[in-house]
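One-letter residues, chain by chain:
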Amino acid sequence: MSQFLLIAAILFIIIHLVYFFQNKTYKQSYFSTALFMKLFFVLCGVTFGFALLYYALSFEETVIVQDLSAETPVEHSFSNLLYFSGVTILSIGYGDMIPVNTARFFALLQAAIGVLLPTAYFIKVLDQSRDE
């Protein structure tokens, strides 16, 4: 079951990222509602996909703890992992949940995506405004 969830989560994330970077034409303006909505839904999809990935990993090992010294695991409910995923992709990092084991790599990857996707959005908008 966890293998299937891992594969499904990774495919879900990749599909959303490929969708974002497909070359499409949009209405020319400084602010593109279509691009903004696309970015919003892609970020929501990637957040959900990573939450699913963390959930699948939680069947195999502890992925989120409350304190590194005591290593008290956080209950691996999907809502907790969705919260952690949202905090990670938005680079908020409250510190109430800390990734351990394999989840550390995925949290780092998710945080990078959370920074790079909006950057790509703004570069695309600026490039479009320069073409006018």
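The structure we're discussing is the one just above.
Report on the accompanying structure. (Residues numbered from 1 in each chain as written. Predicted model: local features only at pLDDT ≥ 70, side-chain atom pairs only at ≥ 80, totals over all residues. Heavy atoms only, no water.)

This part is about the nonpolar core. Core analysis: the largest hydrophobic core is formed by 31 residues, its most contacted members being Val 46, Phe 50, Leu 53, Tyr 54, Ile 64 and Leu 117. Counting residues per element, the ones that place at least two in this core are helix 1 (2-21), helix 2 (33-58), helix 3 (78-89) and helix 4 (103-131). What Phe 50 contacts, discounting residues up to four positions off in sequence, is Ile 13, Ser 85, Phe 106, Leu 109, Gln 110 and Ile 113. (Core = buried A, V, L, I, M, F, W, Y, C linked by side-chain atoms within 4.5 Å. Buried < 20%, exposed > 50% of the residue type's maximum accessible area, 1.4 Å probe, protein only. Helix = DSSP H or I, 4+ residues; strand = E, 2+ residues; numbered from the N terminus. Contact = heavy atoms within 4.5 Å.)

Between its first and last C-alpha, helix 3 extends 16 Å over 12 residues, near the 16 Å set by a 1.5 Å rise per residue. Within the span of helix 3, buried status applies to Leu 81, Phe 84, Ser 85, Gly 86, Val 87, Thr 88 and Ile 89. Where helix 3 terminates, the next one or two residues include Ser 91, which has phi positive at roughly 60 degrees. (Expected span 1.5 Å × (residues − 1).)

For the structure on display, the rule yields 10 aromatic pairs. Geometrically, the ring pair formed by Phe 40 and Phe 41 is edge-to-face, given 5.2 Å between the ring centres and 75 degrees between the ring planes. Summarising the aromatic geometry, the rings of Tyr 83 and Tyr 94 are spaced 6.4 Å apart at their centres and angled 10 degrees between planes, so their arrangement reads as stacked. Of this pair, Tyr 83 sits in helix 3 while Tyr 94 sits in the loop between helix 3 and strand 2 (98-99), and the two are 11 residues apart along the sequence. For Tyr 83, a relative accessible area of 32% gives the class partly exposed. Among the aromatic residues, those joined into a ring-pair cluster are Phe 12, Phe 48, Tyr 55, Phe 59 and Phe 78. (Phe/Tyr/Trp six-rings, centres within 6.5 Å; stacked < 30°, edge-to-face > 60°.)

Attention shifts here to the environment of Phe 4. Counting through the fold element by element, Phe 4 comes out in helix 1. A relative accessible area of 60% means that Phe 4 is categorised as exposed. Considered as a pair, Phe 4 and Ala 56 are 52 residues apart in the sequence and their alpha carbons are 8.4 Å apart.

So, on to unusual backbone geometry. Even without being glycine, Ser 91 reaches a positive phi, approximately 60 degrees. When you line up the elements, Ser 91 lands in the loop between helix 3 and strand 2. For Ser 91, a relative accessible area of 43% puts it in the partly exposed group. For Asn 101, which is not glycine, the phi torsion reads 60 degrees and is therefore positive.

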